[in-house]
Amino acid sequence: MKRSFLGRNALFGLLGAIAVLTVVPVATIMPAFAVDDIEGADAPDLTAVKAKLDAKDYKGALADLRDLAQDNQQADVYNLLGFTLRKTGDFATALTYYNKALELKPDHKAAREYLGELYVETGDMAKANQQLASLQKLCPAGCEELSDLQKAIDTKVTK
């Protein structure tokens, strides 16, 4: 009887080990997202919005983004809303959307860059430099967002 008891425990132990070895790698590969931070397969398609922004059709992009924002609390949507509003001169509302994007995803590099550019445009260089410092931490080897914000700051300083 003792022998079958050990055999059964060994079998359960083996099955448990297989389950753990199967689940743990899958769990570590899949990132954990907050409920309202939709990225990946669930992220809205922003291709049409980006095309409108490239064409400087801010009114059209704004309408599309507002529709998307009703159904998606997602950092990229809020960041692009902030960008579009900043380009139309609505700095106060743009600031609200950049902050929402960063609330959802504090390491969102584009939101940090665009928020810094908003501060440059409104003359708040101290806050622009705070965003620059955040990007320096996020991009220790450099990144496009860091160099773009640095360029905006340098241009403002030399004027």
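A short tour of the structure in this document, coming up.

**Points about the packing of helix α6 (residues 109-121) against helix α8 (residues 144-158)**
Piece 1. Across the interface, α6 lies against α8 with an axial gap of 9 Å and an inter-helix angle of 5 degrees. Classified by the angle between their axes, α6 and α8 sit roughly parallel to one another. Every residue of α8 that contacts α6 at Lys-109, Ala-110, Arg-112, Glu-113, Gly-116, Glu-117 and Val-120 is listed here: Glu-145, Asp-148, Leu-149, Ala-152, Ile-153 and Lys-156.
Piece 2. In terms of residue class, the contact of α6 with α8 is made up of five nonpolar, one polar and seven charged.

**A look at the state of the cysteines**
Piece 1. Evaluation of the coordinates by the stated rule reveals one disulfide.
Piece 2. A sulfur-sulfur distance of 2.2 Å marks the disulfide that ties Cys-139 to Cys-143. Here Cys-139 and Cys-143 share a disulfide; its torsion about the S-S bond, 75 degrees, makes the bridge right-handed. Per residue, the accessibility class of Cys-139 equals that of Cys-143, and both read buried.

**Regarding the nonpolar core**
Piece 1. Residues Val-49, Leu-53, Leu-65, Val-77, Leu-81, Tyr-98 and Ile-153 are the most contacted members of the largest nonpolar core, which totals 37 residues.
Piece 2. If we skip the residues at most four places from it in the chain, Val-77 touches Pro-44, Leu-46, Leu-65, Leu-68 and Ala-69.

**Topic: the environment of Leu-81**
Piece 1. Along the polypeptide, Leu-81 turns up in helix α4 (residues 75-87).
Piece 2. Distance in space between the C-alpha atoms of Leu-81 and Ala-101 is 9.4 Å, their sequence separation being 20 residues.

**Description of the pattern of salt bridges**
Piece 1. Summed over the entire model, instances satisfying the criterion amount to four salt bridges.
Piece 2. A salt bridge links Glu-117 to Arg-86; the shortest N-O distance between them is 3.0 Å. Highlighted residues: Glu-117 in helix α6 and Arg-86 in helix α4, separated in sequence by 31 residues. For the residue pair Glu-117 and Arg-86, the accessibility class agrees, reading buried in each case.
Piece 3. Glu-121 serves as the salt-bridge partner of Arg-86, at 2.5 Å between the closest nitrogen and oxygen. On the criterion of sequence distance, the pair formed by Arg-86 in helix α4 and Glu-121 in helix α6 is long-range, its members being 35 residues apart.
Piece 4. Here Arg-86 falls in the buried class, since its relative accessible area comes to 2%.
Piece 5. What makes Glu-121 partly exposed here is its relative accessible area of 40%.
Piece 6. If you follow the salt bridges from partner to partner, you end up with Arg-86, Glu-117 and Glu-121 in one network.

Rules of the game
- Residues numbered from 1 in each chain as written.
- Predicted model: local features only at pLDDT ≥ 70, side-chain atom pairs only at ≥ 80, totals over all residues.
- Heavy atoms only, no water.
- Axes fitted to C-alpha atoms, helices over the stretch in contact; angles between N-to-C directions.
- Helix = DSSP H or I, 4+ residues; strand = E, 2+ residues; numbered from the N terminus.
- Parallel < 35°, antiparallel > 145°, perpendicular 65-115°, else oblique.
- Contact = heavy atoms within 4.5 Å.
- Nonpolar A, V, L, I, M, F, W, Y, C, P; charged D, E, K, R; others polar.
- Disulfide = S-S within 2.5 Å.
- Buried < 20%, exposed > 50% of the residue type's maximum accessible area, 1.4 Å probe, protein only.
- Core = buried A, V, L, I, M, F, W, Y, C linked by side-chain atoms within 4.5 Å.
- Salt bridge = Lys/Arg side-chain N within 4 Å of Asp/Glu carboxyl O.

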